[in-house]
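# Results of the structural survey
Chain by chain, the residues:
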Amino acid sequence: MNPEARIQDSEFNGFSQFERDGFQIIKSLAEPGACDQFSAELTPLFEQQQQSAKSKIGGVRNLLRSHARVSQFARSAKLLSVLQPFAGAAVFPVRAIFFDKNPEANWRVPWHQDLAIAVAGRNETPGFTGWSIKDDALHVHPPREILEGMLTLRLHLDDCDASNGALKVISGSHRHGKLGPDHIAQWTAGNKAVVCELSRGDALLMRPLLLHASSPAEKPRHRRVLHIEYAAHELPNGLKWLDC
């Protein structure tokens, strides 16, 4: 097993470093009161889903459509102005998901890239493959270029460290396109994993193609995250983002 480095935001404080590494910690993006409101409103939805779902892995999806507070936060001018320099262009939210790793839902997530996007309808388009349905929403794997233009914001609603399933990433892996199983194994065997420890209100900004994973919590407690995906461009050939 490779050694893992733990980082603080001060070690990654430039846009050029974000492009190099594929991730950036933003300290105190949200006030404690806002985090508490999100937790109070979204945690019951997650618990209800877990009671009815066969699998205890997953999250509450489609929140840009179903939850006004999430939609308002994701589209706020203040937040978009923070994200634009990292994207190199104006961005807009296309999906929001709430996760809560806790003693009853303490899952392991293997090393992977986020390759699927949610769309409003199926329209066969070159480079778009792997059509599927997840939580009643249509998903597809777009070309590399689409994913390279996207950003993911993970707002932490609780303190998160290595003991309760903090996300691990492989720095720089996002710059090598879509990786198959063999290449993922090579990357994880030959590179140091970085454990992203954040405090409540901090956010992790990352590229979808960045290799990431998380282990089951050693000391299970709430690790609630509001996960918001952003795009800089509309989709081709009449395809539409689901939540735009």
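So, a few notes on the structure that sits alongside this text. The shown structure was predicted, so the numbers you read here are calculated from the model rather than taken from an experiment.

Along the backbone of the protein chain there are seven helices and 13 strands. Here the protein chain has a C-alpha radius of gyration of 17 Å; the compact-globule value for 244 residues is 18 Å, and the two agree. Projected onto its principal axes, the C-alpha coordinates of the protein chain cover approximately 45 × 40 × 40 Å. Counting across all 244 residues of the protein chain, residues that qualify as buried make up 52%. Of the contacts made within the protein chain by residues no fewer than 6 positions apart, 82% connect residues no fewer than 24 positions apart. About 11300 Å² of surface is accessible on the protein chain, with carbon and sulfur atoms providing 51% of the total.

Sheets are built from strands that pair by backbone hydrogen bonding, the pairs being arranged parallel or antiparallel. The sheet built from three strands is open, its strands ordered E5-E7-E6 with antiparallel pairing. In this open sheet, the two strands that pair with only one neighbour each are strand E5 (117-119) and strand E6 (129-134). Taken over all neighbouring pairs, the strand axes of this sheet differ in orientation by 35° on average, direction set aside.

In this section: the environment of isoleucine 97. In this fold, isoleucine 97 is placed in strand E3 (residues 92-101). Classification of isoleucine 97 by relative accessible area gives buried; the value is 3%. Taking the C-alpha atoms as reference, isoleucine 97 lies 6.2 Å from leucine 63; in sequence the two are 34 residues apart. For isoleucine 97, the residues in contact, after removing those within four places along its chain, are Gly59, Val60, Arg61, Leu63, Val225, Leu226 and His227.

Non-glycine residue asparagine 62 carries a positive phi angle of around 60°. Relative to the assigned elements, asparagine 62 resides in the loop between helix H2 (32-52) and helix H3 (63-66). Asparagine 62 gets classed as buried once you look at its relative accessible area, which sits at 15%. With a phi close to 50°, aspartate 135 is a non-glycine residue in the positive phi region.

This part is about the pattern of salt bridges. This model, assessed by the stated rule, comprises 12 salt bridges. For aspartate 161, the salt bridge is made with arginine 221, and the minimal N-O distance between the two is 3.3 Å. Of this pair, aspartate 161 sits in the loop between strand E8 (151-156) and strand E9 (168-169) while arginine 221 sits in the loop between strand E12 (212-214) and strand E13 (223-231), and the two are 60 residues apart along the sequence.

Take the packing of aromatic side chains next. Two aromatic rings, taken as a pair, are described by how far apart their centres are and by the angle between their planes. Counted by the stated rule, this structure contains three aromatic pairs. Taking the centre distance of 6.2 Å and the plane angle of 80° together, the rings of phenylalanine 46 and phenylalanine 98 count as edge-to-face. Linking phenylalanine 46 in helix H2 with phenylalanine 98 in strand E3, this pair joins segments that are 52 residues apart in sequence. Just as phenylalanine 46 is buried, phenylalanine 98 falls in that class too.

What follows concerns the environment of alanine 162. Turning to its location among the elements, alanine 162 is positioned in the loop between E8 and E9. Taking the C-alpha atoms as reference points, alanine 162 and lysine 219, separated by 57 residues in sequence, lie 9.2 Å from one another.

Another point: the sheet that holds E8. Strand order in the open sheet made by the five strands is E2-E11-E8-E13-E3, with antiparallel pairing throughout. Only two strands of the sheet have a single neighbouring strand rather than two, namely strand E2 (23-26) and E3. Taken over all neighbouring pairs, the strand axes of this sheet differ in orientation by 20° on average, direction set aside. Across four bridges, E2 lies against strand E11 (residues 203-206) in antiparallel orientation. Across the sheet, glutamine 24 pairs through a bridge with leucine 205, a residue of E11. Packed onto the sheet, H2 meets E3, E8 and E13 and runs at close to 75° relative to E3.

About the thresholds
Residues numbered from 1 in each chain as written. Predicted model: local features only at pLDDT ≥ 70, side-chain atom pairs only at ≥ 80, totals over all residues. Heavy atoms only, no water. Helix = DSSP H or I, 4+ residues; strand = E, 2+ residues; numbered from the N terminus. Rg over C-alpha atoms; globule rule 2.2 N^0.38 Å. Buried < 20%, exposed > 50% of the residue type's maximum accessible area, 1.4 Å probe, protein only. Contact = heavy atoms within 4.5 Å. Areas by Shrake-Rupley, 256 points an atom, 1.4 Å probe, with all protein chains shown as cover. Pairing = 2+ DSSP bridges. Axes fitted to C-alpha atoms, helices over the stretch in contact; angles between N-to-C directions. Salt bridge = Lys/Arg side-chain N within 4 Å of Asp/Glu carboxyl O. Phe/Tyr/Trp six-rings, centres within 6.5 Å; stacked < 30°, edge-to-face > 60°.

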